[in-house]
2 protein chains.
Amino acid sequence: MKADKMWTNAYVLPMTGENGGLFEGGAVAVKGNKIIKVGKTADVKNEVAAEEEIDASGMLLMPGLIDAHIHSGLAIVRGVAQDMDHWMQKGLWPWMKHMTVEDRKAGSVMNIMEGIRAGTTTFNDYDSHMGELLKSYAKTGVRVMASEMINELPDDIGDLPVEEVYPFDSVIGEKKLQAAVDLYHDWHQAEEGRIRVMFGPQGADMMSLELLKQVQKEAERFDTKIHMHVCQGDREVYQMEKRTGMRPIKFLEKHGLLNNRLLAVHLTEADHEETIQAAESGAGMINCSGSIGIIDGIVPPVELFTSAGGTAALGSDQAPGNNGNNMFNEMKFAAILNKVKAKDPKVFPALKVLRMATTDAAAVLGMESDIGSLEEGKKADMIVLDTRKQTLSPVLLHPLENVTANLVYAARGEEVQDVIVDGRFIMKNRKLLFIDEEEAMAEAQNRAEKLAEKITFSKEG
Amino acid sequence: MKADKMWTNAYVLPMTGENGGLFEGGAVAVKGNKIIKVGKTADVKNEVAAEEEIDASGMLLMPGLIDAHIHSGLAIVRGVAQDMDHWMQKGLWPWMKHMTVEDRKAGSVMNIMEGIRAGTTTFNDYDSHMGELLKSYAKTGVRVMASEMINELPDDIGDLPVEEVYPFDSVIGEKKLQAAVDLYHDWHQAEEGRIRVMFGPQGADMMSLELLKQVQKEAERFDTKIHMHVCQGDREVYQMEKRTGMRPIKFLEKHGLLNNRLLAVHLTEADHEETIQAAESGAGMINCSGSIGIIDGIVPPVELFTSAGGTAALGSDQAPGNNGNNMFNEMKFAAILNKVKAKDPKVFPALKVLRMATTDAAAVLGMESDIGSLEEGKKADMIVLDTRKQTLSPVLLHPLENVTANLVYAARGEEVQDVIVDGRFIMKNRKLLFIDEEEAMAEAQNRAEKLAEKITFSKEG
């Protein structure tokens, strides 16, 4: 067999089998955008001749991480809505009201760079003006599943008193649905398939049932999943009960939306029964520990969801609130917050958490045949970590292996030396190859300052 | 006035006043090992002539962080004791039994490097063979408060069944006390005062009352604080009740140890009354959110302790269990875990957490006249962070400032560009100046592999 590139002599954590499959002296061979061989270096070299051999001694090869829920545009206001009640209405919306498409683009680029630098190779982005944001995704070379966020909320929604039911504007709703359909036509399977599109209603509380059913129809027509906030906070439950007399899970079930097409994001306020019902429906769960911990002070019921047989992924959510969009941050928080919630250090062991950022995340997104593990036939989305950094040292394989634990509990993201997507380097020696980082950061700072000049807070905010 | 160095045009977060005192266009002037002026660049330049001016545009200057509780030697076994019950007895002790002084030294150097790279300038280290570890501290140029950990436990304590009362060996106790006294004589105020020594009994459960009283006498004789684990887990409470019939706080109070000389580490199992009693006694608390969350699944009562008027600091504890020794990790965990415990996102706001890693930590350690803030007359322990990293971007000062929030909730540690202790660079452009990092990491890997060869686990472990 012929390969384009072959990494050799590395620790390899393919995320396969019962224990993740860690071994030393390993090699990964890549041809085009695919992995063609993974194994011991000598064995791989016996079977494969590579144009380029990369000696990866001291390095760890593992699948690129998957950030299963991010609103990348919001990074433009990182840190502006913290340590407060009514985070969304009083913290975020006063800024969103004035946010331009260009502001969101500048924020999104920051998040993409931040993610790549911390080993994220696939982003499940859920934002407005997604077509504009996808231009940056395309340029940087990462993999993305994109949803245009659909709601029927007027732009001045931030001025609404917290306890009032959201008003809906069907003209806005139709426009956003159309934008989502256009996004699908314009971008699905673009960039050699690195960009894919699904449908993303913002939440059952933020749109009429009529619009939600229309979204569902489109998702069925194009056979995509539906990326949606579900029970995303007391605010959602409050709105749903006031408007429909039902809590969100019951409402979704009643209207045929609670099934394996659904990516249920957060489930913050789902109670015991509802969580089990969601898990048994076949819906995937996306858990954002850092975000929900900071903005709501809550640990979502992901342990219960997975115990009930559901599959869950991790997401970094939005910068104002979390505030890092770094899957190493998410992994550690998912583990520790669930240990604390269960008062049990055995809950959420490292390997389970790693799966939720790789194989399980791929399954939740419906991408398991392409990404999530280093296996022959899968896309060559891989990260190369330097184990000689303090956080990954020492490396021990006997009498037990400490690599998975140190990846989850110690690594910060800066251990990621190289990032490969579709067999192509997009970061090498911590330098991003397809973007001028300095220029993009200056643009974001500049735009954020201009945006900040427009902001006024109401008295009670 | 004459200065040696002056940083100019920076964001400065001096950690003074009610809100931390953040301002832009700031300067810090340093002469010898002291800060002589902090203010707006033009004002400082009017008063001070510096030999060297460092243009710090785009940078943030703030006090070096204080890690108020670390067992640095244990980094040699990072990641070996995770996701388990009886973490100490079944996870850690099988390794400690075989750990040599050289192993600990190699681990300690890793922790020191890790800390510096994440902006830690002062380490409150609490370990065995501290005299040997201090040689590395001296070499790297950081500030350290050191305690030789005193107990009366035999080396094979790891073989003891979990439910049995620890046996004490008074010969070992005497030897360790003597080592602590020797440490004081040999090292206190060494390295131009950067090294200081206090006394550190490992816990009331791990020594006889007689030895504990002897330690207390030495601490009083030399007028140092006493660095001690208190209620550090159900294991300690169990041992104390079985041996003395008293819970730890009551025991310490009865024997005159619960007062402002005490640094009470963890308080994991302190109940409501005990926590308030400890706070009101004047003892300082050291809170290790990452460590206790991971090894016990518990959030210690630091919110209650500080609400009751106590002063608390943050510590990273040991690598096997936490596993990072990075104060940015600790700050975010302290905030989010306490928000979740209180089910309130307003609890533990960013500024409070920053104080616990700077000014409050200095007060807890009794070093508040020297470190913790950027103020005239204090030691020039300062870190320089690049705000153009994604995690600190954008920087906004109006209509609200997002810098403290992003430091606590987003920063990873790698934003720290330069580290200055006693007015001297010890890291510059992320390069450690006084240690060969590559050599030290290779040594640690080598030692860890040799140590691992000696380890056997009992059947039930």
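Residues numbered from 1 in each chain as written. Chains lettered and ligands numbered in written order. Predicted model: local features only at pLDDT ≥ 70, side-chain atom pairs only at ≥ 80, totals over all residues. Heavy atoms only, no water.

Enquirer: Can you explain the packing of aromatic side chains? Please cite residues and give values.
Expert: Residues and elements named next belong to chain A. Taken as a whole and judged by the stated rule, the model has 13 aromatic pairs over all chains. With a centroid separation of 6.3 Å and 20 degrees between ring planes, the pair formed by Tyr 184 and Phe 199 is classed as stacked. In this pair, Tyr 184 sits in helix α5 (residues 170-187) while Phe 199 sits in strand β9 (residues 195-201), placing the two residues 15 residues apart along the sequence. With relative accessibility at 13%, the residue Tyr 184 sits in the buried group. Here Phe 199 falls in the buried class, since its relative accessible area comes to 0%. In textbook terms, an aromatic cluster arises when at least three aromatic residues are bridged by ring pairs, as seen for Tyr 184, Phe 199 and Phe 222. Just above the ring of Phe 434 sits the side chain of Arg 424; from NZ or CZ to the centre is 4.3 Å. (Phe/Tyr/Trp six-rings, centres within 6.5 Å; stacked < 30°, edge-to-face > 60°. Helix = DSSP H or I, 4+ residues; strand = E, 2+ residues; numbered from the N terminus. Buried < 20%, exposed > 50% of the residue type's maximum accessible area, 1.4 Å probe, protein only. Lys NZ or Arg CZ within 6 Å of the ring centre and 35° of its normal.)

Enquirer: Tell me about a positive patch on the surface, and name the residues and values.
Expert: Positive charge collects at one region of the surface, where A:Lys341, A:Lys343, B:Lys341 and B:Lys343 lie side by side. Positionally, B:Lys343 belongs in the loop between α13 (327-342) and α14 (350-356). Given a relative accessible area of 66%, B:Lys343 falls into the exposed group. (Patch = residues over 30% accessible without salt bridge, like charges linked within 9 Å, V, L, I, M, F, W, Y side chains within 5 Å. Areas by Shrake-Rupley, 256 points an atom, 1.4 Å probe, with all protein chains shown as cover. Salt bridge = Lys/Arg side-chain N within 4 Å of Asp/Glu carboxyl O. Lys, Arg positive; Asp, Glu negative; His and termini not counted. Charge placed at Lys NZ, Arg CZ, Asp CG, Glu CD.)

Enquirer: Which residues make up the interface of chain B and chain A, and what are the values?
Expert: Across the contact, 71 residues belong to chain B and 71 residues belong to chain A. Contact with chain A buries area across many residues of chain B, yet B:Asp83, B:Gln390 and B:Arg412 alone supply 15% of it, more than any other trio. Applying the counting criterion to the chain B and chain A interface returns six salt bridges. Across the salt bridge formed by B:Asp85 and A:Lys346, the nearest N and O atoms sit 2.7 Å from each other. Where chain B touches chain A, the interface holds 33 residue pairs in polar contact (both at pLDDT 80 or more). Looking at the side of chain B that touches chain A, the elements that each hand over two or more residues are α3 (101-117), α10 (289-296), α13, α16 (403-409) and α17 (437-453) of chain B. (Contact = heavy atoms within 4.5 Å. Buried area = accessible area lost by both parts, 1.4 Å probe. Polar contact = N/O pair within 3.5 Å; in protein donor to acceptor, adjacent residues only side chain to side chain.)

Enquirer: Break down the domain arrangement of chain A for me, with residues and values.
Expert: Residues and elements named next belong to chain A. Per the domain assignment, the segments making up chain A are domain 1 (2-63 + 372-429) and domain 2 (65-364). The distance between the C-alpha centroids of domain 1 and domain 2 comes to 30 Å. Facing 30 residues of domain 1, the contacting portion of domain 2 comprises 31 residues. When the two sides are added together, the surface that domain 1 and domain 2 hide from each other amounts to roughly 2300 Å², 63% of it contributed by carbon and sulfur. The interface formed by domain 1 and domain 2 holds three salt bridges in total. Asp 381 is the salt-bridge partner of Arg 143, the closest N and O atoms lying 2.6 Å from each other. Contributing elements (two or more residues each) for the side of domain 1 that touches domain 2: β5 (59-63), β14 (382-386), α16 (403-409), β15 (416-421) and β16 (424-428). A per-element tally of the side of domain 1 that touches domain 2 places α16 first, with five residues. Here the residues of the side of domain 1 that touches domain 2 sort into 17 nonpolar, seven polar and six charged. (Domains from an automatic or database assignment. Nonpolar A, V, L, I, M, F, W, Y, C, P; charged D, E, K, R; others polar.)

Enquirer: Please give an account of the relation of the copies chain B and chain A that cites residues and values.
Expert: The two chain copies are related to each other by a rotation about an axis together with a translation along it. For these two chains of identical sequence, chain B goes onto chain A by a turn of 180 degrees and a shift of 0.0 Å along the axis, with RMSD 0.0 Å. Put plainly, the chains are arranged around a two-fold axis. Using C-alpha coordinates, one finds that chain B approaches the rotation axis most closely at B:Arg412, a distance of 3.2 Å. Taken as a fraction of all interface residues of chain B, those also at the interface in chain A reach 100%, which identifies the copy contact as same-surface. (Least-squares fit on C-alpha atoms with pLDDT ≥ 70 in both.)

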